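Chain and residue survey
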Amino acid sequence: MNQQKGMVKIMELIIFTLLFFAALTPLALCALGIIRKPSSRKAALAVNIVSCFLVCIVAFSSGAIRVSAAEAPAPESAETTVEDAAESDSPYTTGFGIGLMGAALATGLSCVGAGIAVASSASAAIGAISENPKTFGKALIFVALAEGVALYGMLISIQILAKF
């Protein structure tokens, strides 16, 4: 059984290494000069999003592999229940892992959305201020509203983490 656990660890290491390099693919494409146009930047963002979800899928599946590879201890008595077995194994449950993943996704995706919103609203605000300096206050409000999206994502992740 130890050999099977060793194979599972090697397989997980290979999968996570491949996913790490898949996440670095857009950076490598920029370094090689392939990504220069705005449309190819959108493709790079799509590659990053896909690699993020691949990491999520592999993280969940590796937990399933680890659980299936573990030895199930023989029950000491016939009165052993599922709750007793769950309490004795580990303080970390599947729900805890999914909660952490949800908090990370809430923060990460809201920050990506806020970054896109700030990029477009700030450039428009700078253009409006350069034409009429009196529009500074109104332009600042729109930029702040876009930045608030990231704060909302962070608040949601704090609420998710507060449950644990």
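Numbering of residues starts from 1 in each chain and follows the order in which that chain's sequence is written. Local features in this predicted model are restricted to residues whose pLDDT is 70 or higher, and side-chain atom pairs enter the listing and the counts only when it is 80 or higher, whereas totals over whole chains, interfaces and linings include all residues. Side-chain figures throughout are based on the complete set of non-hydrogen atoms in the structure, without hydrogens or water.

This brings us to the overall build of the protein. Within the protein, the secondary structure is distributed over 6 helices and 0 strands. We count a stretch as a helix when DSSP gives it H or I for four or more residues in a row; a strand needs E for two or more, and each element gets its number in order from the N terminus. Helices and strands in the protein line up, N terminus first, as α-α-α-α-α-α. The buried share of the protein, reckoned over its 164 residues, is 15%. Here, two residues are considered to be in contact whenever any of their heavy atoms come within 4.5 Å of each other. A sequence separation of at least 24 residues applies to 77% of the contacts in the protein between residues at least 6 apart. Throughout this description, buried means an accessible area under 20% of the type-specific maximum (1.4 Å probe, protein chains only), exposed means over 50%, and partly exposed covers the range between.

Another point: helix α5 (residues 94–131). Take the number of residues in a helix, subtract one, and multiply by 1.5 Å to get its expected span. For α5, which comprises 38 residues, the first-to-last C-alpha distance of 55 Å matches the rise-based estimate of 56 Å (1.5 Å per residue) to within 8%. If you check which residues of α5 are buried, you get G99, A103, S110, A114, V118, S121 and A125. Buried residues belonging to α5 abut α6 (136–162).

Let us look at the environment of T107. Note that T107 resides in helix α5. Apart from the residues within four sequence positions on either side, T107 is in contact with G153, M154 and S157. Only 2.9 Å separates the side chain of T107 from the side chain of S157, close enough to count as a polar contact. What qualifies as a polar contact is a pair of N or O atoms within 3.5 Å, subject to a donor-acceptor requirement within protein and to the restriction that residues adjacent in sequence count only when both atoms come from side chains.

The end-to-end C-alpha separation of α6 is 38 Å, in line with the 39 Å expected for 27 residues at 1.5 Å each. If you check which residues of α6 are buried, you get A139, A146, G148, A150, G153 and S157. Structurally, α6 contributes buried residues whose contacts are with α5.

This part takes up the environment of A124. Among the secondary structure elements, A124 is positioned in helix α5. Separated by 15 residues in sequence, A124 and A139 place their C-alpha atoms 8.2 Å apart.

Attention now moves to the side chain of S121. Structurally, the position occupied by S121 is in helix α5. The exposure class assigned to S121 is buried, which follows from its relative accessible area of 17%. Not counting chain neighbours up to four residues away, the residues in contact with S121 comprise F142, V143 and A146.

This part is about the confidence of the model for the protein. Regions with low pLDDT should not have their predicted coordinates read in detail. Across the protein, pLDDT averages 75, with 70% of residues at or above 70. At the level of individual helices and strands, the protein shows its lowest average pLDDT in helix α4 (residues 82–89), which scores 51, and its highest in α6, which scores 90. Known as pLDDT, the predictor's confidence for each residue is given on a scale from 0 to 100.

Residue placement: S157 occurs in helix α6. With sequence-adjacent residues up to four places away left out, S157 is seen in contact with A103, A106 and T107.

On to the environment of A128. Structurally, the position occupied by A128 is in helix α5. Here A128 falls in the partly exposed class, since its relative accessible area comes to 32%. Considered as a pair, A128 and A139 are 11 residues apart in the sequence and their alpha carbons are 7.6 Å apart.

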